[in-house]
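Structural overview for review
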Amino acid sequence: MGVSTSGPEPGVAVVTVDFPPVNALPVQGWYDLADAVRTAGRDPAVRCVVLAAEGRGFNAGVDIKEVQRDTATGGHGALIGANRGCAEAFSAVYACEVPVIAAVHGFCLGGGIGLAGNADAIVASDDAAFGLPELDRGALGAATHLARLVPQHLMRALYYTSRTATARELHAHGSVWQVVPRPQLYETALELAREIAKKDGCLIRLAKAALNGIDPVDVHRSYRFEQGFTFEANLSGVADRIRDTFGTENRQGAGQP
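Residues numbered from 1 in each chain as written. Predicted model: local features only at pLDDT ≥ 70, side-chain atom pairs only at ≥ 80, totals over all residues. Heavy atoms only, no water.

Per the counting criterion, the structure on display carries 3 aromatic pairs. On the numbers, 6.0 Å between centres and 90° between planes, the contact of Trp30 with Phe90 is edge-to-face. Residue Trp30 is located in helix α1 (residues 27–42), and its partner Phe90 is located in helix α3 (residues 77–95); the two are separated by 60 residues in the primary sequence. The pair Trp30 / Phe90 is uniform in exposure class, with both members buried. Relative to Phe229, the ring of Phe225 lies with its centre 5.3 Å away and its plane at 65°, an arrangement referred to as edge-to-face. Taken as a pair, Phe225 and Phe229 lie in helix α10 (residues 219–236) at a separation of 4 residues, close to a single helical turn. Put simply, the rings of Trp30, Phe90 and Tyr223 pair up and form one aromatic cluster. (Phe/Tyr/Trp six-rings, centres within 6.5 Å; stacked < 30°, edge-to-face > 60°. Helix = DSSP H or I, 4+ residues; strand = E, 2+ residues; numbered from the N terminus. Buried < 20%, exposed > 50% of the residue type's maximum accessible area, 1.4 Å probe, protein only.)

What follows is about the layout of surface pockets. Considering only enclosed or pocket space, the largest pocket measures out at about 440 Å³ in volume. Contributing elements (two or more residues each) for the lining of the largest pocket: α4 (111–118), β8 (121–125) and α9 (201–213). A per-element tally of the lining of the largest pocket places α9 first, with 5 residues. Every residue along the wall of the second largest pocket is listed here: Ser6, Val14, Thr16, Ala52, Ala53, Glu54, Gly55, Ala103, His105, Arg182, Leu185 and Tyr186. For the lining of the second largest pocket, the secondary-structure elements that each account for two or more residues are β2 (12–18), β4 (48–53) and α8 (185–197). Here the residues of the lining of the second largest pocket sort into 6 nonpolar, 4 polar and 2 charged. (1 Å grid on protein atoms, 1.4 Å probe; cavity = no way out; pocket = protein on both sides within 12 Å on 5 of 7 lines; lining within 4 Å. Points joined across faces, edges and corners; volume = space filled by probe spheres on them. Nonpolar A, V, L, I, M, F, W, Y, C, P; charged D, E, K, R; others polar.)

See the structure below:
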C-alpha cells in the first residue's frame, strides 16, 4: 500500500498509487505521490513517466474520513494538509521535467481529475469515468483541470451536477489519447511511453518546458484561486454539513478540497 516507482524498461518510470479500497488518498499520500513524480522526472535516465494505480479505480480524491476525524475535534490540519498535498501532487505532474502519461481505469474523481488533467497524455480503459463530485462532498476545486479535459460548457454542467463523463466521451473531445479494454491499459500506456522515450532526453525536457510555457491558463494560480472558495465553504460550515451527510453512507469518500 502507498506509492511506488518501478522502471519496466529503459527511459520509462512507472509511478503506481495503491491506497485500498478506492484510492482516496490521505494527506501524506498526496505528498508521497508528488515526491515520487518529481524524483522520477529528475532522473536523467528517465524520458517519460507513467502514472498508474492499483485496485478498483485510478483515484477517488481525498480521504474525506481523515478530514472528518480532524474537524470533529475542531481541527483544520487535515483540511489544510489535503489542500496543500493536492496542490503539490497536481503541480508535480504538471511540472515534471518529462512527459507524464496517466493510465486511468475505473473511476477518476476529485483529485484524480487534478492528476489526469495536468498530465501530458491520458490512456484510459473502456470502463473509466471522469468527474468532480465535489458539490456532493462538501468541497470545491479542480475545475481548472476538468476544463483541460472537456469544453467549457460541458465542464460547468458536469461540475454543477456531479455527473461523470466516460473515457470514450473524452476521447471524442480529444483529451484521451486511446481507449482500450482494461487488461490492455498498462501495455498501451507503456507503448506510448516507449515511443516518447525514444526521443533525446535533453530535447524532450526542453519540449515539456516549452509547452508548459505557452499554456493559456496558469494552472497553479487558477487552482489556488479555487481553493480560496473551498476554505470559505469550510469557514461558513456548509462543507461540514454536507460531509456529515456523506459520512452516514458508511463508505470511504471521494472528493478533493
